[in-house]
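This is what each chain is made of:
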Amino acid sequence: SCGSYTLSVTGPKVPEAPANDVCNDAEELILQPQPVEFEQFIKVAIASGDTTFANIDGENATCGSSNSPGVWYMVAGTGDRMTAETCFGEWSRFMERARRIPYDTRLSIFTGRLADGDCQNLSCITNNDDACALQSSVAWESELDVIYFILVHGFGEARSGTYALRVSSNFFPAVDDW
């Protein structure tokens, strides 16, 4: 028989991209002093996230080519050597156990300026893939108060996943603070 009907089609909701999906929305990392040994300190910031629903960044091709989605962080230079890494401590080991196959990260470091809400004239400082197994680590000599942009992305074609990022810098407190 024939008659009228209504067809309703539903599907899963498309997840939103992370808040720091593009350079001009980079999440600011604030380095905090932490003791490491007797009278020795470093400044550290730790962040974690997921690049699964991020977009592919055009900057990938200029600083460690990959075709994987990424997320952005920014940190002020300290005038000392700085390190950004996804391979550190218990968090990295936990991530490997939880996922069995860890996310193959790639790190790219840029300088540039954030003007009018737009990242302009980014220059590649350094990049790395696979410093420690499938995780990455980069180091650079920073300039005081220069803004550095950190792109956490994957290696190769459309690799994405969860990560933990640690950014650190040497820190020498004033003698009076000891």
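Up top is the structure these notes are about.
Calculation criteria
Residues numbered from 1 in each chain as written. Predicted model: local features only at pLDDT ≥ 70, side-chain atom pairs only at ≥ 80, totals over all residues. Heavy atoms only, no water. Helix = DSSP H or I, 4+ residues; strand = E, 2+ residues; numbered from the N terminus. Contact = heavy atoms within 4.5 Å. Patch = residues over 30% accessible without salt bridge, like charges linked within 9 Å, V, L, I, M, F, W, Y side chains within 5 Å. Areas by Shrake-Rupley, 256 points an atom, 1.4 Å probe, with all protein chains shown as cover. Salt bridge = Lys/Arg side-chain N within 4 Å of Asp/Glu carboxyl O. Phe/Tyr/Trp six-rings, centres within 6.5 Å; stacked < 30°, edge-to-face > 60°. Buried < 20%, exposed > 50% of the residue type's maximum accessible area, 1.4 Å probe, protein only.

Draft legend 1. Quick peek at the side chain of Glu85. Here Glu85 shows up in strand β5 (residues 81-85). Setting aside residues up to four positions removed in sequence, Glu85 forms contacts with Leu107, Ser136, Ser137, Ala164, Leu165 and Arg166.

Draft legend 2. Just a nonpolar patch on the surface, in detail. A cluster of nonpolar side chains, namely Tyr5, Leu7 and Val9, defines an oily patch on the protein surface of about 450 Å² accessible area. Relative to the elements of secondary structure, Val9 occurs in the segment before β1 (27-28).

Draft legend 3. Just the packing of aromatic side chains, in detail. What the rule picks out here adds up to 3 aromatic pairs. Considering the side-chain rings of Tyr73 and Tyr163, the 6.4 Å spacing of their centres and the 80 degrees angle between planes classify their relative orientation as edge-to-face. In this pair, Tyr73 is assigned in strand β4 (residues 70-76) and Tyr163 in strand β10 (residues 162-171), connecting sequence segments 90 residues apart. Both residues of the pair, Tyr73 and Tyr163, count as buried. Between Trp140 and Tyr148, the ring centres sit 5.6 Å apart and the planes meet at 50 degrees, which makes this aromatic pair tilted. In terms of burial, Trp140 and Tyr148 fall into one category: buried.

Draft legend 4. Focus on unusual backbone geometry. Of note in this structure, Asp130 is not a glycine but carries a positive phi near 65 degrees. Within the secondary structure layout, Asp130 lies in the loop between β7 (118-129) and β8 (137-141). Despite not being glycine, Ala133 has its phi angle at roughly 60 degrees, a positive value. The residue Ala133 is located in the loop between β7 and β8 in this model.

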